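Single-letter residue listing:
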Protein chains: 2
Amino acid sequence: MQHGHDMLFRALADPTRRAIFERLCRDGEQTVGALTAQAGVSQPAVSKHLGILKLAGLVRDRQSGRQTHYHAERAALAPLADWTGRMTGFWESRFDELEDLLTRMDQ
Amino acid sequence: MQHGHDMLFRALADPTRRAIFERLCRDGEQTVGALTAQAGVSQPAVSKHLGILKLAGLVRDRQSGRQTHYHAERAALAPLADWTGRMTGFWESRFDELEDLLTRMDQ
DNA sequence: CCTACTGATAACCGATCGGTTATCGGTTCG
DNA sequence: CGAACCGATAACCGATCGGTTATCAGTAGG
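Here the structure is a predicted model, which means the values were calculated and not measured.

Asker: Sorry if this is basic, but what is going on with the pattern of salt bridges here?
Answerer: Between side chains of opposite charge, pairing is possible as soon as their charged atoms come close. Under the defined criterion, the tally for this structure stands at 16 salt bridges over all chains. Here arginine 62 of chain A and glutamate 29 of chain A are joined by a salt bridge, their closest N and O atoms 2.7 Å apart. Here glutamate 29 of chain A lies in the loop between helix H2 (15-27) and strand S1 (30-31) and arginine 62 of chain A lies in strand S2 (residues 59-64), a separation of 33 residues in the sequence. Taking relative accessible area as the criterion, arginine 62 of chain A reaches 37% and is therefore assigned partly exposed. Between aspartate 82 of chain B and arginine 86 of chain B there is a salt bridge; the shortest N-O distance is 3.3 Å. Taken together, the residues span about one helical turn, with aspartate 82 of chain B and arginine 86 of chain B both in helix H5 (residues 78-88) at a distance of 4 residues. Salt bridges here are not isolated pairs; linked through shared partners, they connect Asp6 and Arg10 of chain A together with Arg18 of chain B.

Here it is, written out as structure tokens:
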């Protein structure tokens, strides 16, 4: 039902996009060029994926000269963890803790 | 990259489908008719959604006379919880516990 | 300045998706 | 049996998606 939830699930549904996000989580901040080099698709495709991830709140970008650096916004995964927790029907307090932690990590 | 992961994320990306799964998690086993009554789409649409959820391992069905009863397969969410945990980079042992528990819940 | 580089946008294309209506197979009941 | 019911399948349609190539704006450097 939640529109925010929707964009989150939708953004992570595509394997190429998920791979980009995983890379940003693993290796930290990356330029568009660096991401393109390993994405297996063209630079405009990568830019579009990054735009979608950004709309979902999963990444944020920082301009520096003519390069754009993107980094993962891990806190955006909190609703996903929360949803999973609610579906399993257990761990509620446990996942709430996680959500709080992730929110605090975002400053 | 993982094909199983892919079907899981993909299956949960659609809001109608996710609502059906949520209902099965909340209220337990339901017939196709009962699910259709609240899905807001036609019966064939519901059947297709159930087919996709089934392929992703998220639901299982049980035949009884001329009715088909579907129920959520909560254990199928374990890879999702695991992935989230790996992306956050913490909680690894914690999520492994969850995965184990969910797997055991599946008998 | 002019050229080269980086990344975003535009325009377009085929494939897939989610939905519909129509229909069919299987089951129950009068 | 025959009629009614339940759910799956088929055939189709418009919209959206993920990809491409071409191009544009902004920045850096000779």
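From this point, the narrative continues.
Asker: In this structure, what is going on with H2 of chain A? I would like to understand it.
Answerer: Residues spaced three or four apart along an α-helix point in a common direction, a consequence of the helix completing one turn every 3.6 residues. Residue and element names in this part refer to chain A. Helix length check: H2 (13 residues) gives 18 Å between terminal C-alpha atoms against 18 Å at 1.5 Å per residue, within 8%. Within the sequence span of H2, burial applies to Arg17, Arg18, Ile20, Phe21, Arg23, Leu24 and Cys25. Glycine 28 sits one or two residues past H2 and shows a positive phi near 75°.

Asker: What's the story with the protein's contact with DNA strand C in this structure? I'm lost.
Answerer: Of all residues adjacent to DNA strand C, which total 22 residues, the nearest are Gln43 and Ser47 of chain A together with Ser42, Lys48 and His49 of chain B. A share of 63% of the atoms of DNA strand C within 4 Å of the protein falls on sugar and phosphate groups. A distance of 2.8 Å separates a base nitrogen of DNA strand C from a polar atom in the side chain of glutamine 43 of chain A. For the surface near DNA strand C, the secondary-structure elements that each account for two or more residues are helix H3 (32-39), helix H4 (43-55) and strand S3 (67-72) of chain A together with helix H2 (15-27) and helix H4 (43-55) of chain B. Ranked by the residues each element gives to the surface near DNA strand C, the list is headed by H4 of chain B, at 4 residues. Here the surface near DNA strand C is composed, by residue class, of 6 nonpolar, 10 polar and 6 charged.

Asker: Honestly, the environment of leucine 50 of chain A in this entry has me stumped. Any pointers?
Answerer: All names here are of chain A. Along the chain, leucine 50 turns up in helix H4. In the structure, leucine 50 is positioned 20 residues away from tyrosine 70 in sequence and 8.2 Å away in space, judged by C-alpha atoms. Not counting residues within four places of it along the chain, the set of residues in contact with leucine 50 comprises Ile20, Val32, Leu35, Val59 and Tyr70.

Asker: When you look at the nonpolar core in this model, what are you seeing that I'm missing?
Answerer: Here is a general trend for soluble globular proteins: nonpolar side chains tend to be buried in one another's company. Leu12, Phe21 and Leu58 of chain A together with Leu12, Phe21 and Leu58 of chain B are the most contacted members of the largest nonpolar core, which has 47 residues in total. Excluding residues that lie within four positions of it along the chain, leucine 58 of chain B makes contacts with Leu8, Ala11, Leu12, Phe21, Leu53, His71, Ala72, Glu73, Ala76 and Leu77 of chain B.

Here is what the cut-offs are and how they apply
Residues numbered from 1 in each chain as written. Chains lettered and ligands numbered in written order. Predicted model: local features only at pLDDT ≥ 70, side-chain atom pairs only at ≥ 80, totals over all residues. Heavy atoms only, no water. Salt bridge = Lys/Arg side-chain N within 4 Å of Asp/Glu carboxyl O. Helix = DSSP H or I, 4+ residues; strand = E, 2+ residues; numbered from the N terminus. Buried < 20%, exposed > 50% of the residue type's maximum accessible area, 1.4 Å probe, protein only. Expected span 1.5 Å × (residues − 1). Near = heavy atom within 4 Å. Polar contact = N/O pair within 3.5 Å; in protein donor to acceptor, adjacent residues only side chain to side chain. Nonpolar A, V, L, I, M, F, W, Y, C, P; charged D, E, K, R; others polar. Contact = heavy atoms within 4.5 Å. Core = buried A, V, L, I, M, F, W, Y, C linked by side-chain atoms within 4.5 Å.

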